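# A closer look at the structure
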Amino acid sequence: MKDFRQHFLFESVKKLQSLIADLKNKESLSDSDKSVVFRTLHTIKGTSQTFGFNISSRIAHELENLLSAKNQEISNQILIEGLEFLKESFEKTDFVFPEKFIETCRKISPSENKKLNLKTNSAKLPPEIFLLLSSQEKISLGSELEKGKILFCVEAGFEFSNFSAGLKSFREIISEQGEIIATFPSQKFSLQGKIGFQILFVSFKKTEKIREIIEKFTAEIIFDSLPETFSFDLQGVMAQVVSHGKNVAENLNKNIEIEVSAEKIAVSEKNLKLIFDSLLHLVRNAVDHAFEMSGKVKISLESSASGLFIKFSDDGRGIDLDKIRAKIGKENLSDKATLELIFQSEFSTAEKITEISGRGVGLEAVKNAVENVGGKITVKSRLNEGTIFEIYLPK
């Protein structure tokens, strides 16, 4: 079984190396260059969020903003520097968020940047813990998570006779690995005659490193913000798509049900990656734009002698065709031709750009990827009833 997370790491570094080498041989950026870089960043950002590469996702988002800056000349040098940082974020376990570089980017494109919403940042916290945080602790948590750090909660027990010294020593060790946000009492170890505490902290260190550090204490990691790795097969890919869709919904305070129906199908590695990338874009778009507060997404996969059929549907607000026609100034365009416009470069009906979607490149990327392997994607939609995407991939 292959680790899809490692596969993503390898592919991302490879793509970034190629982009950097290409840009170093050019004096300036053409529109075509910007388009290629933008699409690569958009895909890397979305998948980084899925796998918990928070720093990488943040850097990719800032570089997208840089390329989107209106009436600004973007030098090759600053873009190459940003791509180098992004590549290193995948390669180095001790990589630190490049705050000074990001500040430089924001000076170039100040209107494109907004602070991350605190509620979004802390959405993975169990409600009972989040409610215990003071206003200042919540602000501190949001600030640290914005840097791409991983959120941890560790529960530890100490002997009653010297718990004060034990807790102090434990906190000092944790502080060396990251920033402590809050400490709460815990009843977990009371039956063992110990005094327990929960420590909430953020760190750039990986879960394995934190687990190794706390081994000599009576302690365990209650949760962290990184998803588990999974097998590189259809079941693993679909599980991760569903998991990410639910996380996006939770972050947006939406109640979205995601239902998957799939046969036991043997799928090539190439098509697995294509399925993952395509469904990731579709589920993010649907959760972000198709629903006001609640709804349902259905994904089905069926195989035939000729290939694989994927159906992705939602019961959301549907695509407003009149809005699209008004946007392009063609009121008499047919429904079919109007729907095809959603696959065009940088076309979006979203009223604002978010870190989830709205830039108008996701659906174009899906269409290009599907057609590059000889496949086909179609869309049907009815206002206030929902949207259906159908994808065919040849064997």
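Residues numbered from 1 in each chain as written. Predicted model: local features only at pLDDT ≥ 70, side-chain atom pairs only at ≥ 80, totals over all residues. Heavy atoms only, no water.

### Re the overall build of the protein chain
Scanning the protein chain from terminus to terminus reveals 15 helices and nine strands. In the protein chain, which comprises 395 residues, the share counted as buried stands at 50%. Of the contacts made within the protein chain by residues no fewer than 6 positions apart, 71% connect residues no fewer than 24 positions apart. Here the protein chain has roughly 19,900 Å² of accessible surface; of this, 48% comes from carbon and sulfur atoms. (Helix = DSSP H or I, 4+ residues; strand = E, 2+ residues; numbered from the N terminus. Buried < 20%, exposed > 50% of the residue type's maximum accessible area, 1.4 Å probe, protein only. Contact = heavy atoms within 4.5 Å. Areas by Shrake-Rupley, 256 points an atom, 1.4 Å probe, with all protein chains shown as cover.)

### Quick look at the confidence of the model for the protein chain
Atom-level detail of predicted coordinates should not be read off regions where pLDDT is low. Of the residues in the protein chain, 85% have a pLDDT of 70 or more, and the chain-wide mean is 81. At the low end of the mean pLDDT range in the protein chain sits helix H6 (residues 118–121), at 39; at the high end sits strand E9 (residues 386–394), at 95. (pLDDT = per-residue confidence, 0-100.)

### As for the packing of aromatic side chains
Within the structure shown, the criterion is met by eight aromatic pairs. Aromatic side chains phenylalanine 158 and phenylalanine 170 sit 5.9 Å apart centroid to centroid with 65° between the ring planes, which places their arrangement in the edge-to-face category. Pair noted here: phenylalanine 158 is in strand E1 (residues 150–159) and phenylalanine 170 is in helix H9 (residues 163–177), with a separation of twelve residues, a long-range link. Pair check on accessibility: phenylalanine 158 and phenylalanine 170 agree, each one buried. The interplanar angle of 80° and the centroid separation of 6.3 Å between the aromatic rings of phenylalanine 343 and phenylalanine 389 together place this pair among those described as edge-to-face. Of this pair, phenylalanine 343 sits in the loop between helix H14 (335–340) and helix H15 (362–372) while phenylalanine 389 sits in strand E9, and the two are 46 residues apart along the sequence. (Phe/Tyr/Trp six-rings, centres within 6.5 Å; stacked < 30°, edge-to-face > 60°.)

### Describing the nonpolar core
In this structure, Leu83 and Ile275 are the most contacted members of the largest nonpolar core, which totals 77 residues. The element best represented in this core is helix H12 (residues 269–290), accounting for eleven residues. Contacts of isoleucine 275, omitting those with residues within four sequence positions, involve Leu234, Met238, Val267, Leu301, Leu308, Ile310 and Leu393. With 17 residues, the next largest nonpolar core counts Phe158, Phe197, Ile199 and Ile213 among its residues. (Core = buried A, V, L, I, M, F, W, Y, C linked by side-chain atoms within 4.5 Å.)

### Examining the sheet that holds strand E8 (residues 376–382)
The strand order across the open sheet built from five strands is E5-E6-E7-E9-E8, with neighbouring strands paired in mixed fashion. Every other strand in the sheet has two partners, leaving strand E5 (255–262) and E8 as the edge strands with one partner each. Ignoring strand direction, the axes of neighbouring strands in this sheet form an average angle of 10°. As paired strands, strand E7 (residues 307–314) and E9 are joined by eight bridges and run antiparallel to one another. Looking at E9, one finds that isoleucine 310 is bridged to isoleucine 391. Strand contacts of helix H11 (residues 234–251): E5 and strand E6 (294–303), with the helix running at about 170° to E5, the strand carrying the most contacts. (Pairing = 2+ DSSP bridges. Axes fitted to C-alpha atoms, helices over the stretch in contact; angles between N-to-C directions.)

### A short note on the sheet that holds strand E3 (residues 194–203)
An order of E2-E3-E1-E4 is seen for the four strands of this open sheet, with the pairing classed as antiparallel. Whereas interior strands pair on both sides, the edge strands pair on one side only; in this sheet they are strand E2 (179–186) and strand E4 (218–224). Within the sheet, the average angular offset between the axes of one strand and its neighbour, ignoring direction, is 20°. Strands in contact with H9 are E1, E2, E3 and E4; relative to E3, the strand with the most contacts, it is inclined by about 15°.

### Brief notes about the pattern of salt bridges
Taken as a whole and assessed by the stated rule, the structure comprises 19 salt bridges. We note a salt bridge from lysine 26 to aspartate 22, for which the minimum N-O separation is 3.3 Å. Lysine 26 gets classed as partly exposed once you look at its relative accessible area, which sits at 30%. Overall, the relative accessible area of 36% leaves aspartate 22 in the partly exposed class. A salt bridge links glutamate 257 to lysine 296; the shortest N-O distance between them is 3.8 Å. Pair noted here: glutamate 257 is in strand E5 and lysine 296 is in strand E6, with a separation of 39 residues, a long-range link. Overall, the relative accessible area of 44% leaves glutamate 257 in the partly exposed class. Because the salt bridges share partners, they merge into one network encompassing Asp22, Lys26 and Asp33. (Salt bridge = Lys/Arg side-chain N within 4 Å of Asp/Glu carboxyl O.)

### What about helix H13 (residues 321–328)?
Residues of H13 that are buried: Leu321, Ile324 and Arg325. Summarising the axial view, the buried residues of H13 lie within an arc of 100°, below the 170-degree limit, and thus occupy one face. More than 90 degrees from the buried face of H13, the exposed residues found are Asp322 and Lys327. Looking at the buried positions of H13, the neighbouring elements they touch are H14. Regarding H13, its N-cap is aspartate 320, as a side-chain oxygen of that residue lies 3.2 Å from the backbone nitrogen of aspartate 322 further along. (Arc of directions from axis to C-beta. Polar contact = N/O pair within 3.5 Å; in protein donor to acceptor, adjacent residues only side chain to side chain.)

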